[in-house]
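Listed here are the chains, written in short residue letters.
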Amino acid sequence: MQNASRAVRNEGREIGFTPTMGYLHEGHLSLVREAKKKDQNVGVSIYVNPTQFCPGEDFERYPREEARDFTLLEKENVDWIFLPSNEEIYPDGFSTYIEPPSSSRGWCGDSRPGHFRGVCTIIAILLNIVRPTRMYLGQKDAQQAAVIRRLVKDLRFGTDIVVCPTVRESDGLAMSSRNTYLSYEERRSALILYETLLNGIECYHGGECDAEMILLKGAEKIKAVPEVKPDYLGIVHPDTFQSVKTIEDGNLYIGSIYIGKTRLIDNMIFQREG
Ligand code: AMP
């Protein structure tokens, strides 16, 4: 991978890179398509990174289907797929980890201790191997995008970060590889996260700027679905992930719920103008 990417760079071509954990869906493919518009050489990594899973999480059962992923990526005409092994990424003696930025605190950082340390470490490794011109991330994982933006800036990776909009199912549910865990009934209950966030955005359009009012209303909506256990709801600044009291354009409404063992996240951007 390092040799291949060096060869591309030496030819003066720009590399567009999308890191994924596989089990690809339209959300992932939208990142690849965006890369295709901007970069002459486009590639995807598929790697279920063990260090970003906490003990007791779904690392073992995370869905993996390489052959299907390959077919999907072939259709998108990607130039390469990088499939490293655990031994290649974390060889014997590996012991260096990245301390994540302050935007990693709270929210997913609280629910998943150690998660962003694993994310920052794998992204740093992948960036050093691939050395892309641009890296494509999804707005779906908004805190991850904020953390990686900061990481890349602070450690001077010199890669441009492009964050692409969340791709949703026709009823609004954010696409996620983890949706495959949901039973038919759970899938229906899962929609409450999208509906709650959308309701908050609509309140803002209607003139409400008080974050606490919107969060109270949101918590009530989620409480009304007994199959769903709330994890968090918050209204935050998109870079710092600090809570805001008075909502402004660009702030994020973020949420996470449990349905059975499955944890889902989603977010929407408050935007009145433009
Ligand atoms: P994952 O395979 O879950 O690690 O995701 C790989 C990349 O795809 C991350 O940058 C995600 O934010 C992005 N992604 C996942 N789901 C979606 C979605 N529904 N819409 C847009 N991007 C997504």
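Residues numbered from 1 in each chain as written. Predicted model: local features only at pLDDT ≥ 70, side-chain atom pairs only at ≥ 80, totals over all residues. Heavy atoms only, no water.

Participant: Lay out the sheet that holds strand S2 (residues 41-46) in plain terms, naming residues and giving numbers.
Facilitator: Here we have five strands laid out as an open sheet, ordered S3-S2-S1-S4-S5, and parallel in their pairing. Only two strands of the sheet have a single partner each, and these edge strands are strand S3 (80-82) and strand S5 (160-164). Across the sheet, the mean angle separating the axes of adjacent strands is 25° when strand polarity is ignored. Most of the contacts of helix H6 (residues 115-130) go to strand S1 (residues 15-20), to which it runs at about 150°, and overall it touches S1, S2, S3 and strand S4 (134-138). (Pairing = 2+ DSSP bridges. Helix = DSSP H or I, 4+ residues; strand = E, 2+ residues; numbered from the N terminus. Axes fitted to C-alpha atoms, helices over the stretch in contact; angles between N-to-C directions. Contact = heavy atoms within 4.5 Å.)

Participant: Describe the site of the ligand, naming the residues involved and giving the relevant values.
Facilitator: Neighbouring the ligand are 16 residues; Met21, His28, Asp141, Val167 and Met175 lie closest to it. Measuring from an oxygen atom of the ligand, one finds a side-chain N or O atom of His28 at 2.8 Å. Considered on its own, the ligand offers 480 Å² of accessible surface; in the complex 92% of this is hidden by protein. Those elements that provide at least two residues to the shell around the ligand are S1, helix H2 (26-38) and S4. Looking at which element gives the most residues to the shell around the ligand, the answer is H2, with three residues. Looking at the shell around the ligand residue by residue, the class counts come to eight nonpolar, six polar and two charged. (Near = heavy atom within 4 Å. Polar contact = N/O pair within 3.5 Å; in protein donor to acceptor, adjacent residues only side chain to side chain. Areas by Shrake-Rupley, 256 points an atom, 1.4 Å probe, with all protein chains shown as cover. Nonpolar A, V, L, I, M, F, W, Y, C, P; charged D, E, K, R; others polar.)

Participant: Describe the pairing of S1, and please don't skip the residues or the numbers.
Facilitator: Burial within S1 is extensive, with six of its six residues counted as buried. Every second residue of S1 is oriented toward a common face, with Ile15, Phe17 and Pro19 on one face and Gly16, Thr18 and Thr20 on the other, all of them buried. Sheet topology places S1 next to S2; six bridges connect them, and they run parallel. Counted as the bridge partner of Pro19 is Ser45 from S2. The pairing of S1 with S4 spans two bridges and is parallel. (Buried < 20%, exposed > 50% of the residue type's maximum accessible area, 1.4 Å probe, protein only.)

Participant: Could you give an account of the sheet that holds strand S6 (residues 228-236), naming the residues involved and the relevant values?
Facilitator: In spatial order, the strands read S6-S7-S8; together these three strands make up an open sheet with antiparallel pairing. Looking at the sheet topology across the chains shown, the edges are occupied by S6 and strand S8 (262-269). Averaged over neighbouring strand pairs, the angle between their axes works out to 15° when direction is ignored. Contacts from helix H9 (residues 211-223) reach S6 and strand S7 (252-259), with the element oriented near 165° to S6.

Participant: Would you mind going over the packing of aromatic side chains in detail, with residue names and values included?
Facilitator: Under the definition given, this model contains eight aromatic pairs. Consider the rings of Phe94 and Tyr97, whose centres lie 5.5 Å apart with planes at 80°: the pair is edge-to-face. Between Tyr253 and Phe270 the ring centres are 5.8 Å apart and the planes differ by 20°, which places this aromatic pair in the stacked class. With a gap of 17 residues between them, Tyr253 in strand S7 and Phe270 in the segment after S8 connect regions that are remote in the sequence. Neither Tyr253 nor Phe270 differs from the other in exposure class; each is buried. Pairwise contacts between aromatic rings join Phe53, Phe59 and Tyr62 into one cluster. Lying over the aromatic face of Tyr181, Arg61 brings its terminal NZ or CZ to 4.2 Å of the ring centre. (Phe/Tyr/Trp six-rings, centres within 6.5 Å; stacked < 30°, edge-to-face > 60°. Lys NZ or Arg CZ within 6 Å of the ring centre and 35° of its normal.)

Participant: Describe the environment of Gln139, naming the residues involved and giving the relevant values.
Facilitator: The topology assignment puts Gln139 in the loop between S4 and helix H7 (142-154). Between the C-alpha atom of Gln139 and that of Glu57, which follows or precedes it by 82 residues, the distance is 23 Å. In this structure, Gln139 is in contact with Val163, Cys164, Pro165, Thr166, Leu252, Asn267 and Ile269, ignoring residues within four places of it in sequence.

Participant: Quick one: what's the story with the layout of surface pockets, residue by residue and with numbers?
Facilitator: Taken as a whole, the second largest pocket spans an internal volume of roughly 230 Å³. Forming the walls of the second largest pocket are 16 residues, and the residues nearest its centre are Ile46, Tyr47, Val48, Arg64 and Glu66. Of the residues belonging to the lining of the second largest pocket, the class tally is nine nonpolar, three polar and four charged. (1 Å grid on protein atoms, 1.4 Å probe; cavity = no way out; pocket = protein on both sides within 12 Å on 5 of 7 lines; lining within 4 Å. Points joined across faces, edges and corners; volume = space filled by probe spheres on them.)

Participant: Could you give me a rundown of unusual backbone geometry, with the residues and numbers involved?
Facilitator: One non-glycine residue, Tyr23, lies in the positive phi region at around 50°. Positionally, Tyr23 belongs in the loop between S1 and H2. One non-glycine residue, Phe241, adopts positive backbone phi at about 60°.

Participant: Residue-level account of the domain arrangement of the protein, with values.
Facilitator: Many descriptions give the size of an interface as the accessible area lost when the pieces come together. Domain annotation for the protein reports domain 1 (2-164) and domain 2 (177-267). Placing the centre of domain 1 and that of domain 2 at their C-alpha centroids yields a distance of 25 Å. Counting from both sides, the interface comprises 21 residues of domain 1 and, opposite them, 20 residues of domain 2. Summed over the three residues of domain 1 that lose the most area to domain 2, namely Arg61, Trp107 and Lys140, the buried surface amounts to 34% of that side. There are two salt bridges connecting domain 1 and domain 2. Of the charged contacts in the structure, one is a salt bridge between Asp58 and Arg178, with a shortest N-O distance of 2.8 Å. The set of elements that each furnish at least two residues to the side of domain 1 that touches domain 2 consists of helix H5 (108-111) and H7. No other element matches the four residues that H7 contributes to the side of domain 1 that touches domain 2. Split into classes, the residues belonging to the side of domain 1 that touches domain 2 amount to eight nonpolar, seven polar and six charged. (Domains from an automatic or database assignment. Buried area = accessible area lost by both parts, 1.4 Å probe. Salt bridge = Lys/Arg side-chain N within 4 Å of Asp/Glu carboxyl O.)

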